[in-house]
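Residue strings, one per chain:
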Amino acid sequence: QVQLVESGGGLVQPGGSLRLSCAASGSIFSINAMGWYRQAPGKQRELVAAIASGGSANYADSVKGRVTISRDNAKNTVLLRMNSLKPEDTAVYYCNARLRPTELPHSYDYWGQGTQVTVSS
């Protein structure tokens, strides 16, 4: 059973930093990409950052310069380092992975349960 487990969410003051981690576990043949999405109350879920297995990364305009995404392919883990956090960064952050389970012939999107990030003074 493939699972994505997130950690690192919490309360942080504006201007502070936070580190989110997501680990994929289970019988996985390959991971095409991993990333982070977020959803604030009343808003659509949006991409924060994503990184392909080869290392290329995409960032939302709202977080460019403040966020760095990285991954450890050997550990099936993706990290999101967030600096200079703003109140508008407050949301539930969801880990996403596009991966192929060992027992299936194609790749699918998997989601974590989400971790709350609150930026407030």
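Draft legend 1. Up close: the packing of aromatic side chains. On inspection of all chains with the given rule, the structure shows one aromatic pair. Between tyrosine 37 and tryptophan 111 the ring centres are 5.1 Å apart and the planes differ by 65°, which places this aromatic pair in the edge-to-face class. Of this pair, tyrosine 37 sits in strand S4 (residues 28-39) while tryptophan 111 sits in strand S10 (residues 108-111), placing them 74 residues apart in sequence. The exposure class of tryptophan 111 is partly exposed, given its relative accessible area of 37%. The ring of tyrosine 94 has arginine 45 sitting right over it, with the charged end atom 3.8 Å from the ring centre. The ring of tryptophan 111 is capped by arginine 45, whose NZ or CZ atom sits 4.8 Å from the centre of that ring.

Draft legend 2. A look at the state of the cysteines. Applying the stated criterion across every chain, the model contains one disulfide. One disulfide bridge connects cysteine 22 with cysteine 95, the sulfur atoms lying 2.0 Å from each other. Linking cysteine 22 and cysteine 95, the disulfide has an S-S dihedral of approximately -85° and is accordingly described as left-handed. With cysteine 22 in strand S3 (residues 18-25) and cysteine 95 in strand S9 (residues 91-101), this residue pair connects regions lying 73 residues apart in the sequence.

Draft legend 3. Structural context of the layout of surface pockets. Of the voids in this model, the largest pocket is the one considered here, and its volume is about 150 Å³. Along its surface, the largest pocket is lined by 13 residues, and Arg38, Lys43, Glu46, Ser62 and Glu88 are the ones closest to its centre. Split into classes, the residues belonging to the lining of the largest pocket amount to two nonpolar, four polar and seven charged.

Draft legend 4. How the structure looks around the nonpolar core. Ranked by internal contacts, the top residues of the largest apolar core, which has 30 residues, are Leu20, Met34, Trp36, Val78, Leu80, Met82 and Tyr93. Contributions of two or more residues to this core are made by S3, S4, strand S5 (46-52), strand S7 (67-72), strand S8 (77-82), S9 and strand S11 (115-119). When residues in this core are grouped by element, the largest group, five residues, is from S9.

What counts and what doesn't
- Residues numbered from 1 in each chain as written.
- Predicted model: local features only at pLDDT ≥ 70, side-chain atom pairs only at ≥ 80, totals over all residues.
- Heavy atoms only, no water.
- Phe/Tyr/Trp six-rings, centres within 6.5 Å; stacked < 30°, edge-to-face > 60°.
- Helix = DSSP H or I, 4+ residues; strand = E, 2+ residues; numbered from the N terminus.
- Buried < 20%, exposed > 50% of the residue type's maximum accessible area, 1.4 Å probe, protein only.
- Lys NZ or Arg CZ within 6 Å of the ring centre and 35° of its normal.
- Disulfide = S-S within 2.5 Å.
- 1 Å grid on protein atoms, 1.4 Å probe; cavity = no way out; pocket = protein on both sides within 12 Å on 5 of 7 lines; lining within 4 Å.
- Points joined across faces, edges and corners; volume = space filled by probe spheres on them.
- Nonpolar A, V, L, I, M, F, W, Y, C, P; charged D, E, K, R; others polar.
- Core = buried A, V, L, I, M, F, W, Y, C linked by side-chain atoms within 4.5 Å.

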